[in-house]
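Observations on the three-dimensional arrangement
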Amino acid sequence: MSENIIPEKIQEVISDVEATVDNAAETLDNLADKSLAELSDLFVQLKDSAEAMSRSKEAEAIKSAFYKLLTKLKGESGEDTSNPFEAVEQNFKAIYADYKKERAEFNRQQDAQREENLAKKQAVIDELKALIEGQEDVSSQFPVFKELQNRWREAGPVPVTAYRNINDSYQYYVEKFYDMVKINRDLRDLDFKKNLEAKEAFCAAAEKLSENENVVNAFHELQKLHEQWKEFGPVAKEKREEIWNRFKAATAVINKRYQAHFESLKSQQEENLAKKTVLCEKLEAIAAMDVKSSGEWNALSKQIEDLQAEWRTIGFATKKENQKIYDRFRAACDAFFARKRDYYTEFKDNMNGNLEKKQALIEQAEALKTSTDWKKATDQFISLQKQWKEIGAVPRKKSEALWKKFRAACDEFFDKRDAAAAENPSGNDFYANLRAKKKLIEDVLAYEPSAEETANAEAMREFNARFQSIGHVPFKEKDNITAAFKAAMQKKFPLFSSRQSSGRSSRPARSPKDILIDKYRTLQQDIVTYENNIGFFAASKNSEPLIRQMQERIRQAKEELKSLEEQIRKAEEGAE
């Protein structure tokens, strides 16, 4: 009767996913979120436990998690050569080396014990063989036979390579003994009965295992029952087939559940691979985007973090693909954050360049602030202020101090100029310009809006042109008169709007040319956005109407760019 209880199909499934099982939830569920110190403490607890030698797989799992996390942290630390993880790494290596040494000694002792057990069992077989061959009537030797059986059971496990042969030999001589012995039927039946009771208990245990929700543990416990089954002799001939079929039936149920478990695990792993592939595609698309502002970088970084969080909720992929898909995901993350670092490095360099430019303007303003050539110096200060506005951002911590220093030089000059103008009104037209602008504001407030919007629009443009054509006013009056004009215009013409300064009323007012340049730059950015949108829509079905809409917007924007170019050119000619 064959007792080979592990079907070949199960062995194939096991070999396909056995590496994943070693990393399954029963070992790794609580390791993924541990720190290096916590993993090290877990290993110490395992090493010091009484069952440490029987938990080698768990020990290797902790070691794998430790070095995987260490490699990740080292990678994230960049080019830092100080190695902040050296102490914890060396400590873990020392603990693990001690464990390996103890484990090696334990295995050596186990191997030696198994060899000793093999020698004991071989001695039992030799004595059993001699017992059978040396007696014509072995019935009188039954007590000796029972003693040999007891010695066999007490001998313990043998090396795996010798297990089948030694057990087959033992079973052969036991059965031969029973076949040959002319023993008292009562004693023989009693022995058969005890063996039957033992094997019925094994059947009951196997049947209970078939209800165990942990199919992996159930399978391993079943193997132990089969080993114990072989330790007992035969039962009555009429019961042999029945008891074996019962045990085999319970075994088949457990094997089937075990096979289904691994097939389900493999199916889940394939599903996990598909999910992770989708995340990789999303991440690679983000990493390839043309990003032009810190706001976009921050928004995309948040999307990357969300994808990483989703990744951690997905289990292992198949054994063959798990490392490959992780490497692909990690590569896309690295590519994105490398580009982000490059962007901010360039951004920082630009800000430092802008800092140098503004410092140079401050030096020019401070050198110019003592000039008494009011007309020439005024024009030069206005030029410096325009240049200041056109320079990009500087480091935030220095921005306010730079502005105050530049503004102080401007104020000092214009205060002296206005004081000189007040002492000699006939020597300049600043106060005349101030009176002219006040009169214009009165004209605006006296205007009665027409029922025709076209007429109102024309009046609005005329008032604005007249205000802009009037020359400079005393510097301290400039902001007040400009604010009064805007308020009057907005009261009479609701559609009137003017770009405010960047939030600081004391900064130089923006010229019409500056406003046109800002519109031009904004429109250029809009065209880039529309073109990017076309790229995104092209990957979608039924996107033709959206693409045509974007193309029309691009056409209109380019036409408006040409108009703005002409207006800017005219503004430059008027300034000359």
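Residues numbered from 1 in each chain as written. Predicted model: local features only at pLDDT ≥ 70, side-chain atom pairs only at ≥ 80, totals over all residues. Heavy atoms only, no water.

This part is about the overall build of the protein chain. A tally of regular secondary structure across the protein chain gives 19 helices and zero strands. Every one of the 576 residues in the protein chain was classed for burial, and the buried ones make up 34%. Accessible surface computed for the protein chain: about 34900 Å², of which carbon and sulfur atoms make up 50%. (Helix = DSSP H or I, 4+ residues; strand = E, 2+ residues; numbered from the N terminus. Buried < 20%, exposed > 50% of the residue type's maximum accessible area, 1.4 Å probe, protein only. Areas by Shrake-Rupley, 256 points an atom, 1.4 Å probe, with all protein chains shown as cover.)

What follows covers helix α6 (residues 142-154). Taking 1.5 Å of rise per residue, 13 residues should cover 18 Å, and α6 covers 18 Å from first to last C-alpha, within 8% of that figure. Buried residues of α6: F142, F145, L148, Q149 and W152, and no others. The buried residues of α6 occupy an angular sector of 115 degrees when the element is viewed end-on, so they sit on one face. Relative to its buried face, α6 has exposed residues pointing more than 90 degrees away, namely P143 and E154. One or two positions beyond α6, positive phi appears at G156, with a value near 90 degrees. (Expected span 1.5 Å × (residues − 1). Arc of directions from axis to C-beta.)

Now for the packing of helix α10 (residues 237-287) against helix α11 (residues 294-313). The contact between α10 and α11 brings their axes to 11 Å, and the two run at 165 degrees. For the element pair α10 / α11, the angle class is roughly antiparallel. When you trace α10 past α11, the crossing you get is left-handed. Where α10 abuts α11, its residues K276, L279, C280, K282, L283 and I286 lie against L300, Q303, I304, L307, E310 and W311. Looking at the contact of α10 with α11 residue by residue, the classes come out as eight nonpolar, one polar and three charged. (Axes fitted to C-alpha atoms, helices over the stretch in contact; angles between N-to-C directions. Parallel < 35°, antiparallel > 145°, perpendicular 65-115°, else oblique. Left-handed = near helix turned anticlockwise from the far one by under 90°. Contact = heavy atoms within 4.5 Å. Nonpolar A, V, L, I, M, F, W, Y, C, P; charged D, E, K, R; others polar.)

Quick look at the confidence of the model for the protein chain now. Of all residues in the protein chain, 84% have pLDDT values of 70 or greater, and the mean over the chain is 79. Low pLDDT (under 50) marks residues 1-25, which in the prediction has 43 contacts with non-local residues, meaning those over four places away or in another chain. Contacts from residues 498-508, a stretch scored under 50 in pLDDT, to residues over four places away or in other chains number 24 contacts. (pLDDT = per-residue confidence, 0-100.)

Attention now goes to the state of the cysteines. For the coordinates displayed, the defined rule picks out zero disulfides. Cysteine C333 remains unbridged, with the sulfur of C280 as its closest cysteine sulfur at 8.4 Å. On the basis of relative accessibility, which here comes to 0%, the residue C333 falls in the buried class. (Disulfide = S-S within 2.5 Å.)

Before going further, it helps to spend a moment on the packing of α10 against helix α12 (residues 322-368). Running from N to C, α10 and α12 cross one another at 20 degrees; their axes reach a closest spacing of 9 Å. The angle between the axes of α10 and α12 places the two elements in the roughly parallel class. When you trace α10 past α12, the crossing you get is left-handed. Two secondary-structure elements touch here, α10 through L273, K276, T277, L279, C280, E281, L283, E284, I286 and A287 and α12 through N322, I325, R328, F329, A332, C333, F336 and R339. Grouping the amino acids of the contact of α10 with α12 by side-chain chemistry returns eleven nonpolar, two polar and five charged.

A few words now on the packing of aromatic side chains. Two numbers describe a pair of aromatic rings. These are the distance of the centres and the angle of the planes. The tally for this structure, following the rule as stated, stands at 30 aromatic pairs. For the pair W244 and F247, a centre-to-centre distance of 6.2 Å together with 55 degrees between the ring planes defines the contact as tilted. With W244 and F247 both in helix α10 and three residues apart, the pair spans about one turn of that helix. Relative accessible area serves as the criterion here: at 0%, F247 is assigned to the buried category. On the basis of an interplanar angle of 35 degrees and a centroid distance of 5.4 Å, the ring pair of Y447 and F493 is categorised as tilted. In this pair, Y447 is assigned in the loop between α15 (430-446) and α16 (453-469) and F493 in the loop between α17 (475-492) and α18 (512-537), connecting sequence segments 46 residues apart. (Phe/Tyr/Trp six-rings, centres within 6.5 Å; stacked < 30°, edge-to-face > 60°.)

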